[in-house]
Amino acid sequence: MPLPIEEIKKLIISSIPDASIEIKDLMGDNNHYSAIIKSKMFKGLNKIEQHKLVYKSLKGKMGNELHAFSITTEAI
Amino acid sequence: MEIKEKIKNLISENKVCLFMKGTPDNPQCGFSMAVVNVLKHLKVEFKGINVLEDEILRQGIKDYSDWPTIPQLYIKNEFIGGCDIVKEMFEKGELKKMFSNKGII
């Protein structure tokens, strides 16, 4: 069951409250997304740690319901 | 042999190790294929490990690196990232620099 954009945003915000999130539905099928996520919480973290923060906020959905979710993170 | 041991052997025996879906010549997933293409473009020799052939390894590698997806790239025992990070590093020239700093190209 694909995951709608609003739910993805809600999940990320729940762990990364200051996140600014841009999500594109690449194929219009609620299943292939790319996202740009910016947050102060990324400061001082390397890329792997930044991405892990996002994956953890998705509470196990990454790699399961959410298969194709490309992310770019940026510390602000 | 316990899966963790098997993974440790794989990433220490192979300088560049890519846990992927499918094989380098026949990737079974767009993200795995993207990383294979980057490595081929940089003319890097690497070991492709098909996690689709081993369900225990497929989950084991995710636990090992605490990273939820495949593909996963390792260089000299170090987890570098999945498709997003490898592509980003490649586009910024950081990946090529890392390979040369580690004496691989």
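Every value quoted in this text rests on a predicted model; they were computed, and no experiment measured them. (Residues numbered from 1 in each chain as written. Chains lettered and ligands numbered in written order. Predicted model: local features only at pLDDT ≥ 70, side-chain atom pairs only at ≥ 80, totals over all residues. Heavy atoms only, no water.)

Trainee: What is the right way to read helix H3 (residues 55-65) of chain B from this model?
Mentor: The periodicity of an α-helix, 3.6 residues per turn, causes residues three or four places apart in sequence to face the same way. Listed as buried for H3 of chain B are Leu-57, Gly-60, Ile-61, Lys-62 and Ser-65 of chain B. Those residues of H3 of chain B hidden inside the fold are in contact with helix H2 (47-57) of chain A together with helix H1 (3-13), strand E1 (16-20), strand E4 (47-50), strand E5 (72-75) and strand E6 (78-81) of chain B. Put simply, Asp-54 of chain B is the residue that caps the front of H3 of chain B, since its side-chain oxygen is 3.0 Å from the backbone nitrogen of Ile-56 of chain B. (Buried < 20%, exposed > 50% of the residue type's maximum accessible area, 1.4 Å probe, protein only. Helix = DSSP H or I, 4+ residues; strand = E, 2+ residues; numbered from the N terminus. Contact = heavy atoms within 4.5 Å. Polar contact = N/O pair within 3.5 Å; in protein donor to acceptor, adjacent residues only side chain to side chain.)

Trainee: Whenever I open this one, the packing of aromatic side chains confuses me. Can you help?
Mentor: Here the distance between the centres and the angle between the planes together describe a pair of aromatic rings. For the coordinates displayed, the defined rule picks out five aromatic pairs over all chains. Here the aromatic rings of Tyr-33 of chain A and Phe-69 of chain A are separated by 6.4 Å at their centres, their planes lie at 80°, and the arrangement is edge-to-face. In this pair, Tyr-33 of chain A is assigned in strand E2 (residues 32-39) and Phe-69 of chain A in strand E3 (residues 68-75), connecting sequence segments 36 residues apart. On the basis of an interplanar angle of 80° and a centroid distance of 5.4 Å, the ring pair of Phe-19 of chain B and Tyr-74 of chain B is categorised as edge-to-face. Linking Phe-19 of chain B in strand E1 with Tyr-74 of chain B in strand E5, this pair joins segments that are 55 residues apart in sequence. In textbook terms, an aromatic cluster arises when at least three aromatic residues are bridged by ring pairs, as seen for Tyr-55 of chain A together with Phe-19, Trp-67, Tyr-74 and Phe-79 of chain B. (Phe/Tyr/Trp six-rings, centres within 6.5 Å; stacked < 30°, edge-to-face > 60°.)

Trainee: So what exactly am I meant to see when it comes to the pairing of E1 of chain B here?
Mentor: On a regular strand, one side chain projects to one face of the sheet and the next to the other, so that they alternate. All names here are of chain B. The element E1 is largely enclosed, with a buried count of five among its five residues. Residue alternation in E1 divides its side chains into two sets, Val-16, Leu-18 and Met-20 and Cys-17 and Phe-19, and both sets are buried. Bridge count for E1 against E5 is four bridges, and the pairing is antiparallel. Along E5, the bridge assignment pairs Val-16 with Ile-75. (Pairing = 2+ DSSP bridges.)

Trainee: Is there a simple way to think about the environment of Ala-34 of chain B in this case?
Mentor: Residue and element names in this part refer to chain B. When you line up the elements, Ala-34 lands in helix H2 (residues 30-41). Sequence separation between Ala-34 and Leu-57 is 23 residues, and the spatial gap between their C-alpha atoms is 21 Å. Apart from residues no more than four positions distant in its own chain, Ala-34 is found in contact with Cys-83 and Lys-87.

Trainee: Help me out: how do you make sense of the packing of H2 of chain A against helix H4 (residues 83-91) of chain B in this one?
Mentor: Between two packed helices, the angle of one axis relative to the other and the distance separating the axes together describe the packing. Packing of H2 of chain A against H4 of chain B leaves a shortest axis separation of 11 Å and a crossing angle of 145°. Crossing angle aside, the handedness with which H2 of chain A passes H4 of chain B is right-handed. Here Lys-47, Ile-48, His-51 and Tyr-55 of chain A of H2 of chain A lie close against H4 of chain B, whose contacting residues are Asp-84, Ile-85 and Glu-88 of chain B. Residues of the contact of H2 of chain A with H4 of chain B, tallied by class, amount to three nonpolar, one polar and three charged. (Axes fitted to C-alpha atoms, helices over the stretch in contact; angles between N-to-C directions. Left-handed = near helix turned anticlockwise from the far one by under 90°. Nonpolar A, V, L, I, M, F, W, Y, C, P; charged D, E, K, R; others polar.)

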